[in-house]
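Spelled out, the chains give:
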Amino acid sequence: MDREARVFAESHFRSLEGCLPRRVCPKLDRVDFIEKPDSFSYADFFKGYLLPNLPCVFSSAFTEGWGSRRLWVTPSGKPNFDYLLQNYGDVVVPVANCGVREYNSNPKEHMTLRDYISYWKEYIQGNYSSSRGCLYLKDWHLCRSPFHADIFRSFSWSVNICGRKKWIFFPPGQEEALRDCHGSLPYDVTSPTLLDSRLHPMRDHCSPPLEVTQEAGEMVFVPSGWHHQVHNLEDTISINHNWVNGCNLANMWHFLQQELCAVQQEIIEWRDSMPDWHHHCQVIMKSCSGINFEEFYHFLKVVAERRLLLLAKGMGPGKVEGGKGTRLGPQQAAFDICRIAEVLESVVAHPDFQRVDTSAFSPRPEELLQQLEEAVAATTSL
């Protein structure tokens, strides 16, 4: 990130006036396709898609040098089972059964990749049918993926190493119109049951989704809070990655607050009779979401300390923002520190975080916040 991009980003966040980035979304009738790597920079991606929180698709030219596209795929474009078995056959992998629904998810089991590929071959030979149901290996989707938004409202990208996928996107907020009369999101947004106005009374208020067909080698960028569903159109292997940065950190914090509120509502009747009720809410939240307020603070702390160290190195005599490399530079560090400071200030002021025992934290939350605020002031002229 250069100074111009940082100034642009800070101006963008000031214009939101406290609104979450994921809730500020223009109406779209298509998803942009990025064709050439040479004419598209990180600054272009940052300003055009990360900040406004919009999806896009990168052409296969961006991944043509990936070893997985060469080694995991046969000349005919199919999964290279021999290579996968030879190199990863004994790896134990999580596999979900798409034919069995538990709430809005699928039950999982563990097996070796060797056993899974044996099933996969059987599934293909059976005209894409098996008495064991439709199984898919986690992150190597072989079927329709339930309607969801990515974990912690993170960003994500997904690259098709081989195969084709159909994506169905709903901008943030549109998913509310898809809830049924019990408040639950649909498992499958293509199900005819969504046409039942008694079951889905708000369905007519939902705009048509954005649809994308992703070809082999292409990369789909999924913005924060965009609910989506994916259907594999043929045998597919994909690599996926989720991340949080300064652009969507506030979305993550908002999501965690919603998660805690949901837990508190579930056990509100025991608030007065259960000792340490607030502590138990945090325990339940961690078991359901994988993180609670205490761990979120430690997450912020780790990232903040790394950015402060990077900033200290980058602001030394003669230091200049890096060139075309992928390493973070001082401008990116300064931007992230500003965003972390804003979120940490909200965390420290939250009544439920104030109930967390922070006596053993090092540094204490208030001390870390002060360090960040001092760093923000020092980077004004960076």
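Residues numbered from 1 in each chain as written. Predicted model: local features only at pLDDT ≥ 70, side-chain atom pairs only at ≥ 80, totals over all residues. Heavy atoms only, no water.

As recorded in an unreviewed UniProt entry, the chain goes by the name Jumonji domain-containing protein 4, listed as coming from Neophocaena asiaeorientalis asiaeorientalis. Note on the chain: under the UniProt heading Sequence similarities (unreviewed entry), the record states "Belongs to the JMJD6 family." Per UniProt, the chain has the following entry under Catalytic activity (unreviewed entry): "L-lysyl-[protein] + 2-oxoglutarate + O2 = 4-hydroxy-L-lysyl-[protein] + succinate + CO2". (UniProt positions renumbered as here; feature names shortened; annotations may be inferred.)

What follows deals with helix α1 (residues 3-16). A rise of 1.5 Å per residue sets the reference length of α1, with its 14 residues, at 20 Å; its end C-alpha atoms lie 20 Å apart and thus fit the reference within 8%. Buried residues of α1: Ala5, Arg6, Ala9, Glu10, His12, Phe13 and Leu16, and no others. Taken end-on, α1 shows its buried residues confined to a sector of 155°, consistent with a single buried face. Within α1, the exposed residues directed more than 90 degrees away from the buried face are Arg14 and Ser15. Here the buried face of α1 lies against α2 (42-50) and α9 (330-349). Positive phi shows up at Glu17, right after α1, with a value of about 50°. (Helix = DSSP H or I, 4+ residues; strand = E, 2+ residues; numbered from the N terminus. Expected span 1.5 Å × (residues − 1). Buried < 20%, exposed > 50% of the residue type's maximum accessible area, 1.4 Å probe, protein only. Arc of directions from axis to C-beta. Contact = heavy atoms within 4.5 Å.)

The next subject is unusual backbone geometry. Omega for the peptide link from Ser362 to Pro363 comes to 0°, which places this bond in the cis form. With respect to the helices and strands, the residue Pro363 is situated in the loop between α10 (351-354) and α11 (365-378). Backbone geometry places Asn127, a non-glycine residue, at a positive phi of 60°. Inspection of the secondary structure puts Asn127 in the loop between α5 (113-125) and β5 (135-137). Backbone geometry at Asp276 places phi at a positive 55°, although glycine is not the residue there. If you trace the backbone, Asp276 turns up in the loop between α6 (249-266) and α7 (277-289).

Further remarks concern the domain arrangement of the chain. Interface size is often expressed as the accessible area that is lost when the parts come together. Considered domain by domain, the chain is made up of domain 1 (26-243) and domain 2 (248-379). Residue-level contacts link eight residues of domain 1 with nine residues of domain 2. For the pair domain 1 and domain 2, the summed buried area comes to about 740 Å², and 63% of that belongs to carbon and sulfur atoms. For domain 1, the biggest contributors to the area lost against domain 2 are Phe46, Phe152 and Arg153; these three give 70% of the whole. Taken together, the connections running from domain 1 to domain 2 amount to two residue pairs in polar contact (both at pLDDT 80 or more). (Domains from an automatic or database assignment. Buried area = accessible area lost by both parts, 1.4 Å probe. Polar contact = N/O pair within 3.5 Å; in protein donor to acceptor, adjacent residues only side chain to side chain.)

Right, let's talk about the packing of aromatic side chains for a bit. Aromatic rings in a pair are described by how distant their centres are and how their planes are angled relative to each other. With the rule as written, the count across this model stands at 27 aromatic pairs. Here Tyr116 and Trp120 contribute two aromatic rings whose centre-to-centre distance is 6.0 Å and whose plane-to-plane angle is 55°, an arrangement assigned as tilted. Taken together, the positions of Tyr116 and Trp120, both in helix α5 and four residues apart, correspond to about one turn of that helix. The same class applies to Tyr116 and to Trp120, which are both buried. Arranged with centres 6.1 Å apart and planes meeting at 45°, the rings of Tyr297 and Phe353 form a pair that is tilted. (Phe/Tyr/Trp six-rings, centres within 6.5 Å; stacked < 30°, edge-to-face > 60°.)

At a minimum axis distance of 11 Å, the contact between α6 and helix α8 (residues 293-314) shows a crossing angle of 170°. The orientation of α6 relative to α8 falls into the category roughly antiparallel. Here α6 contributes Leu249, Met252, Trp253, Leu256, Gln257 and Leu260 to the contact with α8, which in turn contributes Phe293, Phe296, Phe299 and Leu300. Partitioning the contact of α6 with α8 into residue classes produces nine nonpolar, one polar and no charged. (Axes fitted to C-alpha atoms, helices over the stretch in contact; angles between N-to-C directions. Parallel < 35°, antiparallel > 145°, perpendicular 65-115°, else oblique. Nonpolar A, V, L, I, M, F, W, Y, C, P; charged D, E, K, R; others polar.)

Taken across its six residues, strand β11 (residues 227-232) has five buried, putting it largely inside the fold. Of the pairings in the sheet, the one linking strand β8 (residues 165-170) to β11 comprises six bridges and is antiparallel in character. What sits directly across from Lys166, in β11, is His231. (Pairing = 2+ DSSP bridges.)

On inspection of all chains with the given rule, the structure shows 12 salt bridges. Residue Arg114 pairs with Asp90 through a salt bridge whose shortest N-O separation is 3.2 Å. Of the two residues, Arg114 sits in helix α5 while Asp90 sits in the loop between α4 (81-88) and β3 (92-97), which places them 24 residues apart along the sequence. The exposure class of Asp90 is exposed, given its relative accessible area of 61%. (Salt bridge = Lys/Arg side-chain N within 4 Å of Asp/Glu carboxyl O.)

For Asp188, the location among the structural elements is in the loop between β8 and β9 (210-214). Residues Asp188 and Ser131 lie 57 residues apart in sequence; the distance between their C-alpha atoms is 22 Å. Polar contacts involving the side chain of Asp188 include one to the side chain of Thr190, which spans 2.6 Å. A distance of 2.7 Å separates polar atoms of two side chains, one belonging to Asp188 and the other to Gln229.

At their nearest, the axes of α1 and α9 sit 9 Å apart, and the two run at 15° to each other. One way to sum up the angle between α1 and α9 is to call them roughly parallel. As for how α1 packs across α9, the hand of that crossing is right-handed. Seen from α1, the contacting residues are Arg3, Arg6, Ala9, Glu10 and Phe13; seen from α9, they are Gln331, Ala334, Phe335 and Arg339. Each residue belonging to the contact of α1 with α9 can be placed in one class, and the counts come to four nonpolar, one polar and four charged. (Left-handed = near helix turned anticlockwise from the far one by under 90°.)

Another aspect to go through is the confidence of the model for the chain. Here the chain averages 90 in pLDDT, while 91% of its residues score no lower than 70. Across residues 317-325, where pLDDT falls below 50, the model places seven contacts with residues more than four positions away in sequence or in other chains. (pLDDT = per-residue confidence, 0-100.)

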